[in-house]
Amino acid sequence: MKGNFKIKDDGKTISNLDSKLDENNKLIFKKNDDEKEISAEEFEDFIVKSGAAGSFMIFRSEKKETEMGIDEL
Amino acid sequence: MTDEIEQVMQKVYYEKLYDNWVSNFALNLKNIWEEDSGNELIPKNISKASIVIGKGPSIKEHNHLELLAKSEFKGNIICCDGALISALKSGITPEKFPNFYVVCIEARQGLKKYFDDDLVRKFGKEIKGIFSVVADPEAIDIARKAGIQIHWMHALFDYEEGKKSFNQISAMMVRAKNHNNGLPGLQTGGNVGTTSWFFGWRILKSEVVALIGINHGWNENDSWEIITSHGFEVEPPKLDHNSSSFKKLFPKIYNPEFNCNCILDPIFLYYSKALKEFISRTPQNITTINATEGGVIFGEKIHCMKFSTFLEKY
């Protein structure tokens with residue numbers, strides 16, 4: 001099974017497509033000393049980079065039926 | 001976590017796309033006034049089943065386009081913009097499937113590649129397109145020149161904010177000339193696939209809408225490099241894979257309907273939760289079929305079956 005990749009010291013990713021996933025299907029990351037769990041800012045940064053290039057946001061309304069569309073707007 | 005995703009998404013989309021929405025709408029308005037409302041596509045009677053075609057990798061894995069091209073399916077073909085050319089190349093054309101539609105909602109530039117093709121120009125006149133009023137004008141122009149019949153809709157996003165919302169201001173401007181009854185406002189669910197699904201049952205009035213190429217998940221044997229970069233769209237995040245955040249962002253899901261595992265990323269989390277919720281809220285007479293043979297679109301009111309079974313049945 002294809003899968004893992006490693007992060008080099010300079011922070012760039014390199015493919016290692018010939019390696020196999022371990023039995024837990026886990027990534028191999030090189031941990032940095034100052035590594036910590038994702039913060040809200042990091043999460044937002046991920047979303048911006050991966051999701052904001054296109055598409056839309058979900059429409060929410062207090063009138064729940066409006067969320068399913070409006071026949072004539 | 002998913003609610004947090006919706007909040008973050010709302011913030012970043014406004015920041016990154018609002019200016020595009022406004023300028024695209026301004027550039028589109030003259031054509032909107034002169035061209036048809038999406039409501040012109042509403043059939044007089046309940047229409048046949050619809051198949052929504054996305055561009056996800058499951059479509060190649062299971063040869064779904066080839067299966068469809070060889071089938072005698074008589075219903076509606078709804079192509080997401082990114083799937084149009086590959087569908088035509090596979091022999092899924094309006095000559096064979098006369099009820100042929102394409103959906104395009106996005107404001108970002110670069111979508112013209114989805115319409116700039118000899119096959120689109122060959123079959124364009126027989127293709128009915130539905131475009132959001134904020135979609136990329138350049139892409140729409142290429143589609144228009146290819147002969148695609150342009151129909152317009154509002155992509156809902158801030159209607160809730162009242163008369164000063166962009167949705168309501170733009171709707172008033174559209175109604176100012178020719179479109180006295182306005183345009184349909186569709187929930188996008190964040191992406192063109194979910195919009196196409198809404199289009200199938202709300203506008204085309206199909207009681208059965210099947211999905212192929214839209215499963216909002218990665219396969220277990222996709223590389224982590226692909227998964228964490230959302231298909232090479234970004235540099236993967238530098239996260240400890242053992243952290244709870246990583247597991248929340250990239251959860252592995254077992255799909256009991258197709259007996260397979262798949263892995264989500266934050267974008268697919270955002271899309272899939274909404275689509276599943278909206279499917280669960282459809283009227284009683286609407287049936288949604290996941291025929292992708294994988295992914296995370298399963299649950300309440302979602303029927304899962306192999307695409308070949310769907311084609312035999314409908």
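Treat the numbers as computed from the prediction; the structure is a model and nothing was measured.

A. Up close: the overall build of chain A. Each helix and strand counted, chain A has one helix and two strands in total. When the helices and strands of chain A are placed in sequence order, the string is β-β-α. Per-residue burial for chain A yields a buried fraction of 29% across its 73 residues.

B. Examining the pairing of strand 6 (residues 149–156) of chain B more closely. All names here are of chain B. With respect to burial, strand 6 is a largely interior element, seven of its eight residues being buried. Taken together, the five bridges between strand 5 (residues 128–132) and strand 6 define a ladder with parallel strand orientation. Counted as the bridge partner of G129 is I150 from strand 6. Where the polypeptide runs from strand 5 across helix 6 (residues 137–145) and back to strand 6, its parallel neighbour, the crossover connection is right-handed. The pairing of strand 6 with strand 7 (residues 185–187) spans three bridges and is classified as parallel. By the bridge assignment, A155 is partnered in strand 7 with L186. Handedness of the β-α-β unit built from strand 6, helix 7 (residues 166–175) and strand 7 comes out right-handed.

C. How the structure looks around the sheet that holds strand 11 (residues 260–263) of chain B. All names here are of chain B. Pairing is antiparallel in the open sheet, where three strands are placed in the order 9-11-10. Edge positions in the sheet fall to strand 9 (218–219) and strand 10 (252–255), since each has one partner strand and no second. Note: strand 9 against strand 11, two bridges, orientation antiparallel. Looking at strand 11, one finds that N219 is bridged to C262.

D. Region of interest: the nonpolar core. Residues and elements named next belong to chain B. Counting 108 residues, the largest nonpolar core has I53, C79, V103 and A210 as its most contacted members. Broken down by element, this core gets its largest block of residues, nine residues, from helix 11 (residues 266–280). Residues within four places of V103 in sequence aside, it is in contact with I78, C80, D81, I130, V192, T195, S196 and F199.

E. Broad picture of the environment of M68 of chain A. For M68 of chain A, the position within the fold is in the segment after helix 1 (40–51). In this structure M68 of chain A comes out as partly exposed when scored by C-beta crowding, with 19 C-beta atoms within 10 Å. Each C-alpha atom, one on M68 of chain A and one on M57 of chain A, is 14 Å from the other, the two residues being 11 residues apart in sequence. For M68 of chain A, the contacting residues outside a window of four places in its chain are Q187, F278 and R281 of chain B.

F. View of helix 6 of chain B. For helix 6 of chain B, every residue scored as buried is listed here: P137, A139, I140, I142 and A143 of chain B. Immediately downstream of helix 6 of chain B, the backbone of G147 of chain B shows phi near 100°, a positive value.

Reading the values: rules and limits
- Residues numbered from 1 in each chain as written.
- Chains lettered and ligands numbered in written order.
- Predicted model: local features only at pLDDT ≥ 70, side-chain atom pairs only at ≥ 80, totals over all residues.
- Helix = DSSP H or I, 4+ residues; strand = E, 2+ residues; numbered from the N terminus.
- Buried ≥ 20, exposed ≤ 12 C-beta atoms within 10 Å, placed from the backbone.
- Pairing = 2+ DSSP bridges.
- Right-handed = clockwise from strand over helix to strand, strands pointing away.
- Core = buried A, V, L, I, M, F, W, Y, C linked by C-beta atoms within 7 Å.
- Contact = placed C-beta atoms within 7 Å.

Nothing here speaks to function; it is geometry throughout.
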